[in-house]
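The residues making up each chain are set out below.
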Amino acid sequence: MNRGEPTLEALQRKVRAQEKTIEVLMRRVEDGFAHRDGAFAIMEESLDLQRVVDRKTAQLAEEHQRLEKAHYDLRRAQAQLLQAQKMESIGQLAAGIAHEINTPTQYVSDNVVFVQRACRSLVELVELALTAQGPEAAPLHEKAKALRYPFLREQLPKAIEQAAEGLRRVGSIVGAMKDFSHPSADRREPVDLRECITTTVTVARNEWKYVADIQTTFDEELAPVPCLRDQINQVLLNLIVNAAHAIAEQRPAGGELGHIDISTRRAPPWAEIRIKDDGGGIPEAIRPRIFDPFFTTKPVGKGTGQGLAIAYSVMVERHHGEIDFESELGVGTTFILRLPLRLPEEVR
Ligand SMILES: Nc1ncnc2c1ncn2[C@@H]1O[C@H](COP(=O)(O)OP(=O)(O)OP(=O)(O)O)[C@@H](O)[C@H]1O
Ligand SMILES: [Mg+2]
């Protein structure tokens, strides 16, 4: 809530006082009827009082509205704060775990590279040995046959290559986790949006891999954009998860995968990110409400209705940017994020 706005309690006190005034006025009207002589005097007084009552009632309705708004703002601020705190502690935890995984992964990778080279050399040695003929070489040939040497020669390098590939994947996930959870300490720095998107896609992989393929297309002309990296990551994560949910709702589990396309574009004065899904689309009737805090169509436990409210506040309030969407029922939805290429004077 902004400073200078009345607190919730102050508004509640004011409303109670107004109600009291109306009560007293009503009693006076009734008393007037009971004790005053002269129909005209009674009528005049009652008209005066009626006007006061009307004015007070209107004021009361206004106070009620303000009270409701204050209550709503308070709930919203509370929910956003909670979400921010949760994200911060998850971020710290993730950064810690990423660091812990990084060290053993490093030496396992080094050893795999060593084994790969050593294996190549050993195969060369065995090949050479197997060229030997004659009775002395017979045990060597027998052993090679017993050990199924041709199979080993073929499969060993493949197995090592797969292990190396697995480790590269672990490395990129750990790197993405570290990047993703790295707080930007409220400082706007030039950020490469390609990196933000790649990192977030990697971190959110578990949310989308069973329901969709993700394709990214980046505009090479787009230079780094000044923004709060962790907050933009947060927005991207919310939109990717929403897209995956929308697709999952449409398709039977285990069926054909849907598509999420993420692209960047330089469109002065904006840097634009589009996240397009082929889910069911957003019904016309709920479109005006999707950015409202707590608005969700998902079952309890799956959605809190915070994702888009947070995305809106990050894009519009914190970054002087825009968030918009286009949607067609049965075809899909595209969310469009716009960040200013240059920061406005007042936030620089
Ligand atoms: N890509 C989309 N396709 C279809 N509907 C969407 C899409 N994104 C959002 N919506 C609709 O907007 C609603 C609000 O989204 P929002 O991200 O704010 O909350 P949520 O996803 O329901 O919950 P939360 O993000 O807090 O877990 C969703 O419940 C859904 O009905
Ligand atoms: Mg959501």
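Remember, predicted model here, so these are calculated numbers, not experimental data.

1. Points about the domain arrangement of the chain
What the domain assignment lists for the chain is domain 1 (8-87) and domain 2 (185-348). When each unit is reduced to the centre of its C-alpha atoms, the spacing between domain 1 and domain 2 is 44 Å. Each side of the interface is counted separately: domain 1 has five residues, and domain 2 has five residues. Class assignment of the residues belonging to the side of domain 1 that touches domain 2 gives a composition of two nonpolar, two polar and one charged.

2. Digging into the packing of helix 5 (residues 193-203) against helix 7 (residues 229-250)
Angle between the axes and distance between the axes: these two values describe a pair of packed helices. Close contact between helix 5 and helix 7 brings their axes to 9 Å; oriented N to C, the two are set at 50°. Considering their axes alone, helix 5 and helix 7 lie oblique with respect to each other. Between helix 5 and helix 7 lies a crossing of right-handed hand. Counted together, Cys196, Ile197, Thr199, Thr200 and Val201 of helix 5 and Arg229, Ile232, Asn233, Leu236, Leu237 and Ile240 of helix 7 form the full contact between these two elements. Taken together, the residues that form the contact of helix 5 with helix 7 break down as seven nonpolar, three polar and one charged.

3. Considerations on the pairing of strand 7 (residues 332-340)
The pairing of strand 5 (residues 270-277) with strand 7 spans eight bridges and is classified as antiparallel. Of the residues in strand 7, the one forming a bridge with Trp270 is Pro340. Relative to strand 7, strand 6 (residues 322-328) runs antiparallel, the two being bridged by seven bridges. From the neighbouring strand, Glu328 faces strand 7, where its bridge partner is Gly332.

4. Comments concerning the environment of Arg153
Within the secondary structure, Arg153 is located in helix 4 (residues 149-181). Here Arg153 falls in the partly exposed class, since 15 other C-beta atoms lie within 10 Å of it.

5. Digging into unusual backbone geometry
Geometrically, the link from Pro268 to Pro269 is a cis peptide bond, its omega value of 5° lying close to zero. Structurally, the position occupied by Pro269 is in the loop between strand 4 (258-267) and strand 5. Here Arg148, not a glycine, exhibits a phi torsion of approximately 55°, which is positive. Examined against the element boundaries, Arg148 turns out to sit in the loop between helix 3 (138-146) and helix 4. A count of 11 C-beta atoms within 10 Å places Arg148 in the exposed class.

6. Some words on the site of ligand 1
Not every one of the 20 residues close to ligand 1 is listed here, only the nearest: Ala246, Thr296, Gly303, Gly307 and Leu308. Every element with two or more residues in the shell around ligand 1 is listed here: helix 7 and helix 8 (307-318). The element that contributes the greatest number of residues to the shell around ligand 1 is helix 7, accounting for four residues. Here the residues of the shell around ligand 1 are counted per class, giving seven nonpolar, 11 polar and two charged.

7. Some points on the packing of helix 7 against helix 8
For the pair helix 7 and helix 8, the least separation of the axes is 9 Å and the interaxial angle reads 145°. When the axes of helix 7 and helix 8 are compared, the crossing they make is left-handed. Touching Gln231, Gln234, Val235, Asn238, Leu239, Val241 and Asn242 of helix 7 are Gly307, Leu308, Ile310, Ala311, Val314, Met315 and Arg318, all from helix 8.

So, how was this worked out
Residues numbered from 1 in each chain as written. Chains lettered and ligands numbered in written order. Predicted model: local features only at pLDDT ≥ 70, side-chain atom pairs only at ≥ 80, totals over all residues. Domains from an automatic or database assignment. Contact = placed C-beta atoms within 7 Å. Nonpolar A, V, L, I, M, F, W, Y, C, P; charged D, E, K, R; others polar. Axes fitted to C-alpha atoms, helices over the stretch in contact; angles between N-to-C directions. Helix = DSSP H or I, 4+ residues; strand = E, 2+ residues; numbered from the N terminus. Parallel < 35°, antiparallel > 145°, perpendicular 65-115°, else oblique. Left-handed = near helix turned anticlockwise from the far one by under 90°. Pairing = 2+ DSSP bridges. Buried ≥ 20, exposed ≤ 12 C-beta atoms within 10 Å, placed from the backbone. Near = placed C-beta within 6 Å.

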